[in-house]
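Okay, here's what each chain looks like letter by letter:
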Amino acid sequence: MEDCLRLDKITKTYQDINGETMAIADFSYSFKKGTFVSIVGPSGCGKSTLLSIISGLETQSSGTIFMDNSVLHNNKCNIGYMLQKDYLLGWRTVYQNILLGIEIRKMISPKTLAYADELLHKYDLYEFKDSYPSQLSGGMRQRVALIRTLTVNPDILLLDEAFSALDYQTRLTVADDVFKIIKAEGKTTIMVTHDIPESVSMSDEVIVLSNRPSKIKSVHKIHFNMENRTPLTCRDQPEFSKYFDCIWKELNSNG
Ligand code: ADP
Ligand code: MG
């Protein structure tokens, strides 16, 4: 499979009035096109920092990022970011929220508007296009946030604890929903989570990070012996608990 994004020997040290904090010691990884990769690790180990570097919000202290085999300068590539909070604007309708990304990037054109419409229809949001975020359930709001992210047609989708504000039941169904949309659109996705079952149920690969400063402790390739796996259906598979146990042990071993 083709490399989409490659991180080579990335390190990150923050400097502030309290001194230096080394968040990332050494991170090298090739993310393949169309795959879903999760990153799990202890709180404060540098997971969000890694996504910030990929998105260009932060700059690495050393190391190189490659996109489609070319060096990425100033980390400028087309990234979609989904966070724990949906950041929908309450005074804008669903439709106006969905256009926000392409508006900010000055990408409004007949083509991008048609794509936004296509996504609204395809993912059952069209009838809610004139509703306001406050009229929607938490799950529906996350779907709107995802569609807004997809409207800019990102090369890579980053999810940072995107479901952790939802209650357990909603979280399972929203993760299922988001997964199906991401797969249907064929997006390469990197998800940060502290929830092992969530990472196993959604991913092709799970990267376990060490305590700060983070390094890769292990990588787990996830495969279920079933066709058309979804996060909900693969939870019943015998391999599920095997992957869970293995990643749990890794996370809780020293380092
Ligand atoms: P995680 O997402 O794994 O919980 P973060 O990437 O948010 O961890 O943070 C990793 C470490 O870097 C933490 O010790 C945090 O306090 C520190 N850190 C994060 N952002 C900054 C910043 N802007 N300035 C200084 N230190 C930071
Ligand atoms: Mg974080």
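What you see is a predicted model; the values in this text were computed from it and never measured.

How each quantity is defined
- Residues numbered from 1 in each chain as written.
- Chains lettered and ligands numbered in written order.
- Predicted model: local features only at pLDDT ≥ 70, side-chain atom pairs only at ≥ 80, totals over all residues.
- Heavy atoms only, no water.
- Helix = DSSP H or I, 4+ residues; strand = E, 2+ residues; numbered from the N terminus.
- Buried < 20%, exposed > 50% of the residue type's maximum accessible area, 1.4 Å probe, protein only.
- Contact = heavy atoms within 4.5 Å.
- Areas by Shrake-Rupley, 256 points an atom, 1.4 Å probe, with all protein chains shown as cover.
- Pairing = 2+ DSSP bridges.
- Core = buried A, V, L, I, M, F, W, Y, C linked by side-chain atoms within 4.5 Å.
- Domains from an automatic or database assignment.
- Near = heavy atom within 4 Å.
- Polar contact = N/O pair within 3.5 Å; in protein donor to acceptor, adjacent residues only side chain to side chain.
- Nonpolar A, V, L, I, M, F, W, Y, C, P; charged D, E, K, R; others polar.
- Buried area = accessible area lost by both parts, 1.4 Å probe.
- Axes fitted to C-alpha atoms, helices over the stretch in contact; angles between N-to-C directions.

Quick word on the overall build of the chain
For step 1, the next point in the chain: Tallying secondary structure elements over the chain gives 9 helices and 10 strands in all.
For step 2, the next point in the chain: Here the C-alpha coordinates of the chain stretch approximately 50 × 45 × 40 Å along the principal axes.
For step 3, the next point in the chain: For the chain, buried positions account for 51% of its 255 residues.
For step 4, the next point in the chain: Across the chain, every contact between residues at least 6 apart in sequence was considered, and the portion connecting residues at least 24 apart equals 71%.
For step 5, the next point in the chain: In the structure as shown, the chain presents an accessible area of about 12,200 Å², 51% of it carried by carbon and sulfur atoms.

Structural notes on the pairing of strand β8 (residues 188-192)
For step 1, the next point in the chain: When you tally the buried positions in β8, you get 5 out of 5 residues, the bulk of the element.
For step 2, the next point in the chain: Every second residue of β8 is oriented toward a common face, with Thr188, Ile190 and Val192 on one face and Thr189 and Met191 on the other, all of them buried.
For step 3, the next point in the chain: Sheet topology places strand β3 (residues 36-40) next to β8; 4 bridges connect them, and they run parallel. When the sheet's bridge partners are listed, valine 37 is paired in β8 with isoleucine 190.

Notes on the nonpolar core
Soluble globular proteins tend to bury their nonpolar side chains together.
For step 1, the next point in the chain: Counting residues in hydrophobic clusters, the biggest one holds 34 residues, and the most contacted among them are Ile98, Leu146, Ile147, Leu159 and Phe163.
For step 2, the next point in the chain: Where this core is concerned, the elements lending two or more residues are α2 (94-98), α4 (110-122), α5 (138-151), β7 (156-160) and α6 (168-184).
For step 3, the next point in the chain: Here this core gathers at least three residues from each of two domains, domain 1 (3-77 + 155-251) and domain 2 (86-154).
For step 4, the next point in the chain: When near neighbours in sequence (up to four residues on either side) are disregarded, isoleucine 147 contacts Ile98, Leu119, Tyr123, Leu125 and Ile181.

Focus on the site of ligand 1
For step 1, the next point in the chain: Taken together, 13 residues are adjacent to ligand 1, and Gly44, Gly46, Lys47, Ser48 and Thr49 come closest.
For step 2, the next point in the chain: The separation between an oxygen atom of ligand 1 and a polar main-chain atom of lysine 47 is 2.9 Å.
For step 3, the next point in the chain: With respect to ligand 1, the side chain of arginine 212 contributes an N or O atom lying 3.2 Å from an oxygen atom.
For step 4, the next point in the chain: Taking 560 Å² as the accessible area of ligand 1 by itself, protein coverage stands at 64%.
For step 5, the next point in the chain: For the shell around ligand 1, the secondary structure elements donating two or more residues are β1 (3-16), β2 (19-32) and α1 (47-55).
For step 6, the next point in the chain: Ranked by residue count, the leading element in the shell around ligand 1 is α1, at 3 residues.
For step 7, the next point in the chain: Per-class residue counts for the shell around ligand 1 are 4 nonpolar, 6 polar and 3 charged.

Comments concerning unusual backbone geometry
For step 1, the next point in the chain: In the segment running from arginine 212 into proline 213, the intervening peptide bond is cis, with an omega of -5 degrees.
For step 2, the next point in the chain: Within the secondary structure layout, proline 213 lies in the loop between β9 (205-209) and β10 (214-221).
For step 3, the next point in the chain: A positive phi is found at tyrosine 87, a non-glycine position, where the angle reads about 50 degrees.
For step 4, the next point in the chain: Along the polypeptide, tyrosine 87 turns up in the loop between β6 (79-82) and α2.
For step 5, the next point in the chain: Positive phi is not limited to glycine here, since asparagine 228 has a value of about 50 degrees.

Remarks on the environment of methionine 140
For step 1, the next point in the chain: Relative to the elements of secondary structure, methionine 140 occurs in helix α5.
For step 2, the next point in the chain: Among all residues touching methionine 140, those that are not within four sequence positions of it are Asp124, Leu125 and Phe128.

Here we look at the domain arrangement of the chain
Interfaces are frequently sized by the accessible area removed from exposure as the parts join.
For step 1, the next point in the chain: The domains assigned to the chain are domain 1 (3-77 + 155-251) and domain 2 (86-154).
For step 2, the next point in the chain: On a C-alpha basis, the centroid separation for the pair domain 1 and domain 2 is 25 Å.
For step 3, the next point in the chain: Across the boundary between the two partners, domain 1 contributes 14 residues, which contact 14 residues of domain 2.
For step 4, the next point in the chain: Between domain 1 and domain 2, a total of about 1,100 Å² is buried, with carbon and sulfur atoms accounting for 62% of that surface.
For step 5, the next point in the chain: For the domain 1 face of the interface with domain 2, the top three residues by lost area are Ile181, Glu185 and Lys187, together amounting to 43%.

A closer look at the sheet that holds β1
Strands in a sheet are paired, the pairing made by backbone hydrogen bonds, and the direction either parallel or antiparallel.
For step 1, the next point in the chain: Pairing is mixed across the open sheet formed by 10 strands, whose spatial order is β5-β4-β1-β2-β10-β9-β3-β8-β7-β6. Single-partner strands in this sheet number two, and they are β5 (70-71) and β6.
For step 2, the next point in the chain: Alignment of β2 against β10, held across 2 bridges, turns out to be parallel. Following the sheet pairing, aspartate 26 is matched in β10 by lysine 215.
For step 3, the next point in the chain: The strands that α1 touches are β1, β2, β3, β4 (62-67), β6, β7, β8 and β9; relative to β1, the one it contacts most, it runs at about 115 degrees.
For step 4, the next point in the chain: Helix-sheet contacts for α5 involve β6 and β7, and the interaxial angle to β6 is about 170 degrees.

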